Amino acid sequence: IKVGVITSLIAIPIGVLLGGMAGFFGGFIDEIIVWFYSSVASVPGLLLILAFTMVLGKGIFAVYVSIGLTTWVALCRIIRGEFIKHKHREYVMAAAALGAGNFRQILVHILPNVFHLVIINFSLRFVYAVKTEVILSYIGVGVQKEPSWGQMINYAQQELIQGYWWQLLGASSAMFFLLMAFNIFGDSLRDAMDPKLRDYS
């Protein structure tokens with residue numbers, strides 16, 4: 001669970017900050033940020049994560065940093081597009097006409113209306129982070145000397161030849177139900193927080 005939460009705490013602020021700046025200010029700032037996240041996205045995700053783990057060394061800290069610093073691009077693109085769309089809407093233009101500065105327009109008026117997308121991204125990121133940590137631990141470059149489903153599945157696979165199938169089933173089932181629970185949780189939060197889905201009647 002920690003790997004999903006901690007990597008999200010690293011990646012989500014980066015994606016929201018860069019995406020919001022690019023979408024709201026536009027111009028040269030937008031061009032620089034788009035160039036940056038396009039360069040990051042051009043490298044295969046798992047290869048980039050493996051490169052980070054090789055530089056930082058094996059262990060859970062390297063897993064947190066590598067996943068967190070390489071999985072913010074999708075959210076950055078979404079937030080950029082939403083900011084471009086919302087900054088020209090009437091309620092933001094009215095706030096600007098009443099004297100609201102850029103900082104207030106972003107935090108008070110635009111960000112609350114796109115925050116449901118952050119919730120959705122968190123649920124999807126959590127699933128991706130857990131699966132990536134399992135893969136890294138399974139191939140031996142992730143968690144070391146700590147409990148990990150990747151290591152458990154690796155050990156269980158070796159014991160499967162001897163007929164001990166229940167260990168593999170237990171680890172895989174636990175991972176499946178956890179990821180499914182967070183998908184359902186993310187959908188429920190999205191439904192509760194999305195302004196478009198609220199009933200104002």
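A short tour of the structure in this document, coming up. What you see is a predicted model; the values in this text were computed from it and never measured.

With that out of the way, let us pick up the overall build of the protein chain. Within the protein chain, the regular secondary structure consists of 9 helices and 0 strands. Secondary structure elements of the protein chain occur, N-terminal to C-terminal, as α-α-α-α-α-α-α-α-α. Structurally, the protein chain occupies a C-alpha span of about 75 × 45 × 20 Å along its principal axes. When burial is assessed residue by residue, the protein chain has 40% of its 201 residues classed as buried. Put simply, of all contacts in the protein chain between residues at least 6 apart along the chain, 71% involve residues at least 24 apart. Accessible area for the protein chain stands at about 11300 Å²; split by element, carbon and sulfur atoms hold 69% of it. Of note, the protein chain has its 14 positive side-chain charges centred 4 Å away from the centre of its 11 negative side-chain charges.

Moving on to the nonpolar core. V3, V63, I67, V130 and M175 are the most contacted members of the largest nonpolar core, which totals 19 residues. Where this core is concerned, the elements lending two or more residues are α4 (60–68), α7 (102–138) and α9 (166–193). Top contributing element to this core by residue count: α7, with 6 residues. Ignoring anything within four residues of it in the chain, the contact list for V3 reads V63, Y64, I67, A129, V130 and E133. One finds L75, V92, L111 and V114 within the second-largest nonpolar core, a separate group that totals 13 residues.

Time to look at the pattern of salt bridges. By the definition in use, this model includes 2 salt bridges. In this structure, the salt-bridge partner of R80 is D30, at a minimum N-O distance of 2.6 Å. Of this pair, R80 sits in helix α5 (residues 73–86) while D30 sits in helix α2 (residues 27–41), and the two are 50 residues apart along the sequence. Given a relative accessible area of 13%, D30 falls into the buried group. Here K85 makes a salt bridge to E82, at a shortest N to O gap of 3.3 Å. Residue K85 and its partner E82 are located together in helix α5, separated by 3 residues, close to a single helical turn.

Now for the packing of aromatic side chains. All chains considered together, the criterion is met by 3 aromatic pairs. Between F36 and W72, the aromatic rings sit 5.5 Å apart at their centres with planes inclined by 20°, giving stacked as the arrangement. Of this pair, F36 sits in helix α2 while W72 sits in the loop between α4 and α5, and the two are 36 residues apart along the sequence. On the basis of an interplanar angle of 70° and a centroid distance of 5.3 Å, the ring pair of F176 and F177 is categorised as edge-to-face.

Given a rise of 1.5 Å per residue, 12 residues ought to cover 16 Å, and the 17 Å separating the end C-alpha atoms of helix α3 (residues 45–56) matches this to within 8%. Count one or two residues on from α3 and you reach G57, which has phi positive near 95°.

Analysis parameters
Residues numbered from 1 in each chain as written. Predicted model: local features only at pLDDT ≥ 70, side-chain atom pairs only at ≥ 80, totals over all residues. Heavy atoms only, no water. Helix = DSSP H or I, 4+ residues; strand = E, 2+ residues; numbered from the N terminus. Buried < 20%, exposed > 50% of the residue type's maximum accessible area, 1.4 Å probe, protein only. Contact = heavy atoms within 4.5 Å. Areas by Shrake-Rupley, 256 points an atom, 1.4 Å probe, with all protein chains shown as cover. Lys, Arg positive; Asp, Glu negative; His and termini not counted. Charge placed at Lys NZ, Arg CZ, Asp CG, Glu CD. Core = buried A, V, L, I, M, F, W, Y, C linked by side-chain atoms within 4.5 Å. Salt bridge = Lys/Arg side-chain N within 4 Å of Asp/Glu carboxyl O. Phe/Tyr/Trp six-rings, centres within 6.5 Å; stacked < 30°, edge-to-face > 60°. Expected span 1.5 Å × (residues − 1).

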